[in-house]
Amino acid sequence: MYRVTISEKGQIVIPAALRSKYGWRRGDRLLVTEQDGRLVLEPLSPQGFLKLQGAFRGGSSLTAALLRERAADRRRGK
């Protein structure tokens, strides 16, 4: 069990032991989902995108959502 603190910006630090255990590195992307009142982190790999199929309803496609996310990243200088 690990304790973390939420920063003023809403950020948390994943403890080094867990990052090492799961092979997560700076710049890796994670999918955050809520399941039964808990937050679940999953690596967002090309295979992980398949899990998102059907997650975007109401006329928004996964491609459009990814393009919006990439545009936002460019605006933030990432």
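All of these numbers come straight from a predicted model, not from anything done at the bench. (Residues numbered from 1 in each chain as written. Predicted model: local features only at pLDDT ≥ 70, side-chain atom pairs only at ≥ 80, totals over all residues. Heavy atoms only, no water.)

Sheet topology places strand β1 (residues 30-35) next to strand β2 (residues 38-43); 6 bridges connect them, and they run antiparallel. Its bridge partner being in β2, L31 is matched across the sheet by E42. The hairpin formed by β1 and β2 contains 2 residues between the paired strands, and D36 there has a positive phi angle of roughly 55°. (Pairing = 2+ DSSP bridges. Helix = DSSP H or I, 4+ residues; strand = E, 2+ residues; numbered from the N terminus.)

Further remarks concern the packing of aromatic side chains. Tallying each qualifying case throughout the model produces 1 aromatic pair. Ring geometry for Y22 and W24: centres 5.3 Å apart, planes at 25°, overall stacked. (Phe/Tyr/Trp six-rings, centres within 6.5 Å; stacked < 30°, edge-to-face > 60°.)

On to helix α3 (residues 62-75), then. The end-to-end C-alpha distance of α3 is 20 Å, a good match for the 20 Å that 14 residues give at a rise of 1.5 Å each. Among the residues of α3, A65, A71, A72 and D73 are the ones counted as buried. (Expected span 1.5 Å × (residues − 1). Buried < 20%, exposed > 50% of the residue type's maximum accessible area, 1.4 Å probe, protein only.)

So, on to the side chain of D73. Residue position: D73 is located in helix α3. Taking relative accessible area as the criterion, D73 reaches 8% and is therefore assigned buried. A polar side-chain atom of D73 sits 2.4 Å from a polar atom in the side chain of R76. (Polar contact = N/O pair within 3.5 Å; in protein donor to acceptor, adjacent residues only side chain to side chain.)

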